[in-house]
Amino acid sequence: MAQMNLLYDHLSQTLYFPLMSFCNLIVGYKCLSTVSCVEKTVPAIGASGIILYKSKTYNSNETAIIVPNLEDLLVIAANKAANLIICFPYGIKNLPQEVLPCLESYNKFILWFGNDEPDWDSARHVAKKLDNKRCLFIRPTDLQPRPKIASDLGYNLKEIIRNAQPIWHKSITTFRSLRQDILSDLQNIDKVQGVKWIRYPALNKILKGHRRGEFTVLTGPTGSGKTTFMSEYSLDLAIQGVNTLWGSFEIKNSRLARTMLQQMIGVPLDENLEKFNVYADEFEKLPIFFMTFHGQQSIKLVMEAVEHATYMHDIAHVIIDNVQFMMGTLDESKFTDRFWKQDQIISAFRTFATKFNCHVSLVIHPRKEKEDGELTTSSIFGGVKASQEADNILIVQDKRLTNIHGKKYLQPRIVIVVILEL
Ligand SMILES: Nc1ncnc2c1ncn2[C@@H]1O[C@H](COP(=O)(O)OP(=O)(O)OP(=O)(O)O)[C@@H](O)[C@H]1O
Ligand SMILES: [Mg+2]
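Rules of the game
Residues numbered from 1 in each chain as written. Chains lettered and ligands numbered in written order. Predicted model: local features only at pLDDT ≥ 70, side-chain atom pairs only at ≥ 80, totals over all residues. Heavy atoms only, no water. UniProt positions renumbered as here; feature names shortened; annotations may be inferred. Donors = N, O, S within 2.8 Å, 3.2 Å for Na, K, Ca; no water. Helix = DSSP H or I, 4+ residues; strand = E, 2+ residues; numbered from the N terminus. Buried < 20%, exposed > 50% of the residue type's maximum accessible area, 1.4 Å probe, protein only. Phe/Tyr/Trp six-rings, centres within 6.5 Å; stacked < 30°, edge-to-face > 60°. Pairing = 2+ DSSP bridges. Axes fitted to C-alpha atoms, helices over the stretch in contact; angles between N-to-C directions. Contact = heavy atoms within 4.5 Å. Disulfide = S-S within 2.5 Å.

Under an unreviewed UniProt entry, the name given to the protein chain is DNA 5'-3' helicase, and the source organism is Ceratosolen solmsi marchali. Recorded under Catalytic activity (unreviewed entry), the UniProt text for the protein chain is reproduced unchanged: "ATP + H2O = ADP + phosphate + H(+)".

Here the focus is the coordination of the magnesium ion (ligand 2). The magnesium ion (ligand 2) binds to the protein through T227 (OG1) and E250 (OE); the donor distances cover 2.0 to 2.4 Å. Here E250 lies in the loop between β12 (244–248) and α9 (253–265) and T227 lies in helix α8 (residues 226–239), a separation of 23 residues in the sequence. What makes E250 partly exposed here is its relative accessible area of 24%.

Under the criterion given, the structure shown has eight aromatic pairs. With centroids separated by 5.9 Å and ring planes inclined at 85 degrees, the aromatic side chains of Y16 and Y29 adopt a geometry described as edge-to-face. Of this pair, Y16 sits in strand β2 (residues 14–20) while Y29 is found in strand β3 (residues 26–33), placing the two residues 13 residues apart along the sequence. Given the relative accessible area of 27%, Y16 is considered partly exposed. According to the relative accessible area criterion, Y29 is partly exposed, its value standing at 25%. Aromatic pair F229 and Y233: ring centres 5.4 Å apart, planes at 50 degrees, arrangement tilted. Of the two residues, F229 and Y233 both sit in helix α8, four residues apart, roughly one turn of that helix. Judged by relative accessible area, Y233 falls into the buried class, the value being 1%. Ring pairing ties together the aromatic residues W197, Y200, F229 and Y233, which thus form one cluster.

Before going further, it helps to examine the sheet that holds strand β4 (residues 39–42). Strand order in the open sheet made by the four strands is β1-β2-β3-β4, with antiparallel pairing throughout. Strands at the two margins of the open sheet, each flanked by one partner only, are β1 (7–9) and β4. When the angles between neighbouring strand axes are averaged without regard to direction, this sheet yields 25 degrees. Bridge count between β1 and β2: three bridges; the pairing is antiparallel. Bridge pairing links Y8 to L15 in β2. Seen against the sheet, helix α1 (residues 70–78) touches β2, β3 and β4 and runs at an angle of roughly 85 degrees to β3.

Here the focus is the state of the cysteines. Under the criterion given, the structure shown has zero disulfides. C23 provides the cysteine sulfur closest to C102, a residue in no disulfide bond, and the two sulfurs are 8.3 Å apart. For C102, a relative accessible area of 8% puts it in the buried group.

Below is the structure:
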């Protein structure tokens, strides 16, 4: 491995892989423990380099294989299956903008990621950034798992690389490329279900996890805990590596972040102030970004920021809390205008979710708040548009106002979240 300038620390039994910047400087390390096989990146955020393996016979027109982690890189190198192999500093879910110049000089990439839906999503996202025309894919089927697994199963790595295929044109496809997708869907039935919540097993049962490209509406009476719930719900996903963008139009970012920090640590923050820095350092590593908007904003401006962030930070979940605050409370008298305006916002986010393959969660106030009744989809302010367009509808019912015990499902895709009494 002389080609990689690897270092080995005998004491900690750790291999150090240098992160090379655009101008060939070492800007950090990826450390691989030879005991636990755990990978760690130094610095923990903001590294602007890649791990690069070039064999002795490498030439400058070579196709670069991009793999999810060091184990995969080492396996391909050891099998001499490719001459040029690349690992990103923070896995494949996140391709920081600063890293792009390092990849500029290569003509072609083969993306060989894992065999599940999140990895496949990442592959499509990475290809978009690197330019689809430069990218070929190893389709995620059972006979083509990620390099380490393929090698363990005795598969021919060179053969798999030869089998890489281009991404389809964005508006034209053939059955030849679809058949691979169909097969990988069938072979990954439990995996296409999305990222599962750690804290909400009931949601996993109904929604089968959080998937990219979907549109979720959360509604419920004033003060029923929508913001608090959405905060913990999104934190749960962010802890599992879902890159998240928060648009808090209602409460200040510092207050929201404090709630999330509190939810992350699970013990009273004000009674554990001496550990604040430890907690804050841990929180800082989470892939959560906050939009700095507050109060009324034009949908155009918000969409620009959202699209920019999605591109720059590979956002997979956007949250808007809440639509009414974003619209502002002016024009109170013109109800038809407000309905129309809200429908515009819903359409814009629906289109964005599909086009950018990003999940959008909108918090919307209900139309009317009955003192004693349960809310249904028709209670969503603005009416049909939100419920028609949404893939999932979550309604927070305040248990203190209703007589529901436990969860109740109106339709398979509608979940009633019942707030528990303290
Ligand atoms: N699960 C819960 N148990 C007890 N209290 C809660 C729970 N969730 C939220 N709360 C409390 O209820 C209050 C209102 O919560 P929150 O602001 O999240 O509601 P909301 O639905 O977003 O309100 P609004 O309609 O004003 O936006 C807060 O003081 C919060 O701390
Ligand atoms: Mg709120």
